[in-house]
Amino acid sequence: MKWGPPRRLAGLAARLGLRRGTARTRFTALYVTLFLLSGTALLVIAAVVASGGSRSSRTAPDGGTDQPATEAQAQGRIDALERQLVQAHDTQSRQIVIGSAIALGVMAVISVGLGWFVAGRVLRPLRVMTAATRRITADSLHERLAIGGPRDEVKDLADTIDDLLGRLEGSFDAQRLFVANASHELRTPLTTMRASLDVALAKPGPVPETTATLATRIRAELDQVDRLLESFLVLTRTRHGEFTDSARLALGPLAQTALTGRAKDIAAKGLTVREDRSDDSAWVWGSRTLLRRVADNVVDNAIAYNDPGGWISVAVQTEGDEAGAVSLVVESSGPVLDQRRVADLAQPFRRLGADRTGTGQGSGLGLSIVAAITQAHHGTLDLRARPDGGLRVTITLPRADGRATAKAPGTETGVAR
């Protein structure tokens, strides 16, 4: 069943700025409708009662025709007074009905505001629950709604959501612990296999060319698996908020270090580097290790998916005043990309080429690690396909003003349960 006021009430609600389609609007409309129905019923009852009294007042005793003249004159005087009384009663009844109708209209207008206020009070716990639920993400499942008050339907709903968050937190923690333990455990056999290859190639005597080629290929795959496990560990540590080396950092030197460390790869592809580090106030709070990984990953991505003889642009920018933000913008040339696919690159194992296939261009976790680290530092990652080909990666982080009272991301206390 749909709740809705009459057309005039709907127009009044629209003029008062009441949003259609919300529970508060529907409750208000229901309240006003019930008020109008009950008020109209009372008005009808009052009119019926007044009409009945008027009819009873019109009934006068019949004195007959055989009365003396003096009595007839007296009876005529009484009849005239009764008629005046009936007219006065009718006039009073009409005034009462008209006044009641006017009062009902005025109270109907007032009831809109009262209904809106009462509905807001009733729905306030639900708004608090909605706002708290929106703040809770996969990285803050330890938070709870913790709604107080009497044991009613709203309290039961809040407790049910808290229980659900608890189960989700346990499931996520178990998943992250499994990934971390599996990554650590798999490193030992990888190290053993790598050492066995080295021993086999180091044996005296000539090594067949096919054996050497196979060993080189296997070692490359082992290195790829090792990098994949390292990426898993970085993702797990980032989502746990483990920042043991938080400090005030400048993004410019991190980007410069990433470019310098990949000079050979850049030269091998014949890429031209455009660098803009003119802003020396681009300081942020964060983990040096993780933010260095961010710079390395975006530069690696710009090199791996670039065209031979293309270009890379790296810029560090600041926005606003001391409470503004700092952005690391890395652009690169390359093939024309579909923005819908580019938007999914922050998900694990998504590549610009074939999905989940061995392309030899990384594990597909580079930008997902960038997204996780950026989110852990309360920043944003924006991926845009360039109209003439290539990709624009923008990493925006809160700016550090250098004061001693500033706090690094990850050091804030969470919401108490």
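Residues numbered from 1 in each chain as written. Predicted model: local features only at pLDDT ≥ 70, side-chain atom pairs only at ≥ 80, totals over all residues. Heavy atoms only, no water.

Going by what an unreviewed UniProt entry lists, the chain is known as histidine kinase and is assigned to Streptomyces ziwulingensis. Comment text from UniProt for the chain, heading Catalytic activity (unreviewed entry), reads "ATP + protein L-histidine = ADP + protein N-phospho-L-histidine." (UniProt positions renumbered as here; feature names shortened; annotations may be inferred.)

**Brief notes about the packing of aromatic side chains**
If you walk through the whole model with that rule in mind, you get zero aromatic pairs. Sitting above the plane of the Trp311 ring, Arg274 keeps its charged end 4.3 Å from the centroid. (Phe/Tyr/Trp six-rings, centres within 6.5 Å; stacked < 30°, edge-to-face > 60°. Lys NZ or Arg CZ within 6 Å of the ring centre and 35° of its normal.)

**Here we look at the sheet that holds strand β7 (residues 391-398)**
As summarised here, the arrangement of the five strands in space is β2-β4-β5-β7-β6, forming an open sheet in which the pairing is mixed. Looking at which strands have only one partner, the edges of the open sheet turn out to be β2 (272-276) and β6 (380-385). Between one strand axis and the next, the sheet turns by 15 degrees as a mean value, whatever way the strands run. Bridge analysis of strand β5 (residues 325-332) against β7 gives eight bridges, and the strand direction is antiparallel. Looking at β7, one finds that Leu328 is bridged to Ile395. The sheet contacts of helix α6 (residues 251-261) involve β2, β4 (311-319), β5 and β7, and relative to β4 the element is tilted by about 170 degrees. (Pairing = 2+ DSSP bridges. Helix = DSSP H or I, 4+ residues; strand = E, 2+ residues; numbered from the N terminus. Axes fitted to C-alpha atoms, helices over the stretch in contact; angles between N-to-C directions. Contact = heavy atoms within 4.5 Å.)

**As for the packing of α6 against helix α8 (residues 288-304)**
To characterise two packed helices, one gives the angle between the axes of the helices and the distance between these axes. Across the interface, α6 lies against α8 with an axial gap of 9 Å and an inter-helix angle of 50 degrees. Here α6 lies oblique to α8, going by the angle between them. Handedness of the α6/α8 crossing: right-handed. Contact residues: Leu254, Ala255, Ala258 and Leu259 in α6; Leu291, Arg292, Ala295, Asp296 and Val299 in α8. (Parallel < 35°, antiparallel > 145°, perpendicular 65-115°, else oblique. Left-handed = near helix turned anticlockwise from the far one by under 90°.)

**Re the nonpolar core**
Core analysis: the largest hydrophobic core is formed by 38 residues, its most contacted members being Leu251, Val298, Leu328 and Ile395. Of all the secondary-structure elements, those providing two or more residues to this core are α6, α8, β4, β5, α10 (366-376) and β7. When residues in this core are grouped by element, the largest group, eight residues, is from α8. Each residue touching Ile395, except ones within four places of it in the same chain, is listed here: Val294, Val298, Val326, Ser327, Leu328, Val370, Thr374, Thr380 and Leu381. (Core = buried A, V, L, I, M, F, W, Y, C linked by side-chain atoms within 4.5 Å. Buried < 20%, exposed > 50% of the residue type's maximum accessible area, 1.4 Å probe, protein only.)

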